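Structural features, examined
Below, each chain spelled out in residue letters.
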Amino acid sequence: MDFKLCSVIWKIIAKKMGGVLKSGLYFFFVKIVEDYMEKLVKCEMKIIEKIAVIYLVNPPVNALSESIRNDIYELLTSCAANSEIQAVIFTTRGLPFSAGADIKEFSGPMKGKFFLDFYRAIKKLNKPVIMGIDQYALGGGLEFCMLAHHRIATPKSRLGLPEVKLGLIPGGTGTMSLPRLVGIEKALDMIISSNPVSAQEALEIGLIDAISSDDLEKSCLDFARNILNDSNYQLSMPIERDNPKMPSIDYFKQKKSEFLDKYHGFKAPLRLLDCLEAAATLPLDKGLAFEMQQFMDLISGDDSQGMRYAFFSERLASVVPGLNPKEALDIQKVGVIGGGLMGSGIAMAFLNRGFTVVCVEVDPKRAEICQQGIEKQFQKSMQQGKISQSDCDSRLKNFSVTGEIKDVNDVDLVIEAVFEKMDLKLDIMRQLDEICQPSTILASNTSGLDLNQIASITKRPEKVVGMHFFSPAHVMRLLEVVRTEKTDSVTLQTALTCAKQLKKVSVVVGVCPGFVGNRMIFKYFEQVVWLLLRGCSPQQIDSAMKSFGFPMGPCEMADMSGLDIWVHANPDDRSLITDFVNNGRLGQKSGSGFYDYSQGDKTPQESKEAAKIIADYAKKQQIESQDCGQDVIVSRLLMALISEGMHILSEKVVQRASDIDTIYVHGYGFPIYRGGPMFYADQLGLDEVKKQLLTLVDQDSQAWKMSPILDECITSSRKLSAYKTE
Ligand code: 3H9
């Protein structure tokens, strides 16, 4: 559905009618246009020398929505009835082959024709069907391809079944077809990783028949003609091949015990194993029925709902009404100020995507470490086969370290990544403003300082933006793009376009201490301290949060990032954490924090000394221990996130609640199958959230404040995760 098109037509009509139509009618109008557009023909067919060529036309990604599925089915039926037609080709003109079933339709009842109908229709057709795959065939798109007798792909195409990423299994015959084509082990590898294979690999493993040499349609037509002229040709569908062989007798038993641990909390991986076992052991019809049953169970479950919500939230988080991607400045050369861990990571993130990077590091020793660290990292990637020798060479050729800040005078974008001290950042920004070209965008990687103040030191505050990377910056996908009161639309758009080029998940946020992610984590951590002082051990807290689905507990996480970071970020902090730091327990880097660590081993071990520091502090503060079970731990920590998230929404720091969820899923390890803290609040029920929060407010009205947003959502029966601030 194209809202832009709707709004243009709407404006024309509204103007013509002199504003008679009320704006409320807009949505009614949108619905009519939407229905109309849905009904537009999604497939086009022409017949070339008795071969039907059918083009899939459902931009932008050829999602297999109800209307296109129905069109496909009708065309297959009409080709069966037309004795002139001897073969059928499905392909595209310019569009990707297909991104799979239309995920938007998964929230409602499944309507229209489906993959089993395609299977039966192709079988009944009894004429060769050839799929011409361009760009990608994913999920249901690949399942549809595997139902055909043959597949031909362009050299750069990718083919995969990424349903597990959405908490699903390939439920459109894929778990029966793929193992019959490529074997059980490869099928499992492809589906569980969600990673598509290249056309070359697809050819090698038997997933496709050929790679098109030039024109895809011509290759498919030539292939069809060859078959039709071959008197020995036998028509056969891959899905009807013999059952794939089990790799070993106890293969699935072993995999199940491995997956229980590896994919703890996720439902789809185990269901996938069941389906592949069914593919190996059951007759096809029973296998297909089993697959469909698993798919239907998963699609209605909380996990898949959370993961589908996360899919759309991620794409929405960088959408800002009024911005125009065409206005983004062309960024080629980037300056990074500071060659520490963060600066090096940012430099690598840009180098990995073909940018030229100049890194300024005034300390010669640190400059050398930065240069060597980056060289080492690229060489490691090369040894692991992730990049080629020439990739490695060109990245290093595009990189230089200098001790002179004036060397960034010709960059298009400069990002300061120096120590988190306001005076230092102000000084750097003042210098950059003088040195850089007037068109250069000045970005700060501050993780929570007042960016309005930082921008105000320059004569170009409208060209100042926050680009808050998460460490390690070349690995972590999240980027908070911070707009100040004065950031202009071109600067914001350029930062977002850059983020896209870096393949980051960017979320636009406003200025407030800690922005969104860190502001919420501070509240979360306050509750960790509260629990520690009431007698919960770090292990108890960590284990409760890991059972909830976090890959790491908060105490392990704090030890990993360094307890001194917390104290630096809260200079007035006189809490328990300061006592840890004063005792030299900075976390993993000092060999001890909440836990003890043996040299060269990051496994957390229970620490008597840490327990003593906590007990002494509690005694000093006259805090009595309380009986806090797993429920209390999980409730306190999640309520801290949910409550702060709602305050952030009231202050309009983000555009929508789902932006908060995107930050938490991609930057803080919130379990993706729970959608994020705001989505989880909806799953828990907002009345229940209110009940838990009221109890906390009752216990400590200083620490806990109710947000009016909660009541607003409850009284209007709206979902918190759907809350928009603009
Ligand atoms: C499935 O197939 C189930 C079957 O096994 C069984 C059925 C019974 N549906 O990502 P982009 C939208 S499950 C609906 O920005 P890119 C997307 O929201 C499906 N919409 O572009 C965005 O919309 P907007 C298995 C979809 O070039 C626009 O298209 N398939 C779908 O960076 C552009 O997307 C998958 O899991 C969809 N399937 O990446 C593949 N896909 O402009 C999921 C995309 O309004 N998709 N949209 O924000 C992807 O991985 C990426 O979108 C793709 C393109 C690689 C295709």
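So, here is what we can say about the structure in this document.

Looking only at helices and strands, the protein features 30 helices and 17 strands. Its C-alpha radius of gyration of 29 Å places the protein within 12% of the 27 Å reference for a compact globule of 726 residues. On the principal axes, the C-alpha backbone points of the protein span a range of 90 × 65 × 60 Å. Split into buried and exposed, the 726 residues of the protein put 52% on the buried side. Restricting to contacts in the protein with at least 6 residues of sequence separation, those with at least 24 account for 72%. For the protein, the accessible area works out to roughly 33500 Å², and carbon and sulfur atoms hold 52% of it. Computed over 83 positive and 90 negative side-chain charges, the separation of the two mean positions in the protein equals 3 Å.

Okay, the sheet that holds strand E1 (residues 43-48) next. Strand pairing in a sheet relies on backbone hydrogen bonds, with the paired strands running either antiparallel or parallel. Read from one edge of the open sheet, 6 strands run E1-E2-E3-E4-E6-E9, paired in mixed fashion. The open sheet terminates on both sides in strands that have one partner only, identified here as E1 and strand E9 (210-211). Pairing analysis gives 5 bridges linking strand E2 (residues 51-56) to strand E3 (residues 87-91), with the strands arranged parallel. Along E3, the bridge assignment pairs alanine 52 with valine 88. Where helix H3 (residues 66-81) meets the sheet, it contacts E1, E2 and E3, and its direction lies at approximately 25° from that of E1.

Glancing now at the pairing of strand E11 (residues 356-360). Here E11 lies mainly inside the structure; 4 of its 5 residues are buried. Taking the sense of rotation as the criterion, the β-α-β connection linking strand E10 (residues 333-337), helix H14 (residues 341-351) and E11 turns out right-handed. Two elements, E11 and strand E12 (residues 399-402), share 4 bridges in a ladder whose sense is parallel. Opposite valine 357, over in E12, you have phenylalanine 399 as the bridge partner.

Residues Leu432, Phe594 and Leu720 are the most contacted members of the largest nonpolar core, which totals 96 residues. Looking at this core element by element, the count peaks at 11 residues for helix H26 (residues 630-650). Contacts of leucine 432, omitting those with residues within four sequence positions, involve Ile337, Ile405, Val408, Val414, Leu442 and Arg460. If you look at the next biggest cluster of nonpolar residues, it comprises 74 residues, including Ile85, Leu125, Ala137 and Ala279.

If you trace the 3 strands from one edge of the open sheet to the other, you get E5-E7-E8, paired in mixed fashion. The open sheet terminates on both sides in strands that have one partner only, identified here as strand E5 (136-138) and strand E8 (197-198). Pairing geometry for E5 and strand E7 (residues 158-160), over 3 bridges, is parallel. In the strand pairing of E7, alanine 137 is matched with leucine 159.

Glancing now at the site of the ligand. Taken together, 27 residues lie around the ligand, and Ala99, Gly140, Glu143, Glu163 and Arg315 are the ones closest in. Contact between the ligand and alanine 99: a nitrogen atom at 2.8 Å from a main-chain N or O atom of the residue. Between arginine 315 and the ligand, the recorded distance is 2.6 Å, taken from a side-chain N or O atom to an oxygen atom. Contact with the protein chains covers 73% of the free accessible surface of the ligand, which is 1000 Å². Within the residue set of the shell around the ligand, elements represented by two or more residues are E5, helix H5 (140-147) and helix H13 (302-316).

Our next topic: the packing of aromatic side chains. A complete count under the given rule lists 22 aromatic pairs for this structure. Judged by centre distance (6.3 Å) and plane angle (50°), the rings of phenylalanine 525 and phenylalanine 594 are tilted. One end of the pair, phenylalanine 525, is in helix H20 (residues 517-533); the other, phenylalanine 594, is in the loop between helix H24 (576-582) and helix H25 (608-620), and 69 residues separate them in sequence. For the pair phenylalanine 525 and phenylalanine 594, a shared accessibility class is recorded, and that class is buried. Look at phenylalanine 548 and phenylalanine 670: their rings are 5.7 Å apart centre to centre, the planes differ by 75°, and that puts the pair in the edge-to-face class.

Our next topic: the pattern of salt bridges. Counted under the stated rule, the structure contains 35 salt bridges. Between aspartate 579 and lysine 620 there is a salt bridge, with the nearest N and O atoms lying 3.4 Å from each other. Placement of the pair is aspartate 579 in helix H24 and lysine 620 in helix H25, with a sequence separation of 41 residues. On the basis of relative accessible area, aspartate 579 is assigned to the buried category, the value being 19%. Because the salt bridges share partners, they merge into one network encompassing Glu49, Lys218, Asp222 and Arg225.

We now examine the environment of isoleucine 72. Along the chain, the position of isoleucine 72 falls in helix H3. C-alpha separation for the pair isoleucine 72 and phenylalanine 114, spaced 42 residues apart in sequence, amounts to 9.8 Å. Excluding its chain neighbours within four sequence positions, the residues that come into contact with isoleucine 72 are Cys43, Leu56, Leu64, Phe90, Phe118 and Phe144.

Scanning the entire structure with this criterion turns up 1 cavity of 30 Å³ or more. Of the pockets and cavities examined, the largest cavity occupies roughly 30 Å³. What lines the largest cavity is simply Tyr309, Ala310, Ser313, Ser658, Asp661, Thr662, Val665, His666 and Gly675. Among the secondary structure elements, those contributing two or more residues to the lining of the largest cavity are H13 and helix H27 (657-667). Counting residues per element, the lining of the largest cavity draws most heavily on H27, which supplies 5 residues. Tallied by class, the residues present in the lining of the largest cavity amount to 3 nonpolar, 5 polar and 1 charged.

Definitions and limits used
Residues numbered from 1 in each chain as written. Predicted model: local features only at pLDDT ≥ 70, side-chain atom pairs only at ≥ 80, totals over all residues. Heavy atoms only, no water. Helix = DSSP H or I, 4+ residues; strand = E, 2+ residues; numbered from the N terminus. Rg over C-alpha atoms; globule rule 2.2 N^0.38 Å. Buried < 20%, exposed > 50% of the residue type's maximum accessible area, 1.4 Å probe, protein only. Contact = heavy atoms within 4.5 Å. Areas by Shrake-Rupley, 256 points an atom, 1.4 Å probe, with all protein chains shown as cover. Lys, Arg positive; Asp, Glu negative; His and termini not counted. Charge placed at Lys NZ, Arg CZ, Asp CG, Glu CD. Pairing = 2+ DSSP bridges. Axes fitted to C-alpha atoms, helices over the stretch in contact; angles between N-to-C directions. Right-handed = clockwise from strand over helix to strand, strands pointing away. Core = buried A, V, L, I, M, F, W, Y, C linked by side-chain atoms within 4.5 Å. Near = heavy atom within 4 Å. Polar contact = N/O pair within 3.5 Å; in protein donor to acceptor, adjacent residues only side chain to side chain. Phe/Tyr/Trp six-rings, centres within 6.5 Å; stacked < 30°, edge-to-face > 60°. Salt bridge = Lys/Arg side-chain N within 4 Å of Asp/Glu carboxyl O. 1 Å grid on protein atoms, 1.4 Å probe; cavity = no way out; pocket = protein on both sides within 12 Å on 5 of 7 lines; lining within 4 Å. Points joined across faces, edges and corners; volume = space filled by probe spheres on them. Nonpolar A, V, L, I, M, F, W, Y, C, P; charged D, E, K, R; others polar.

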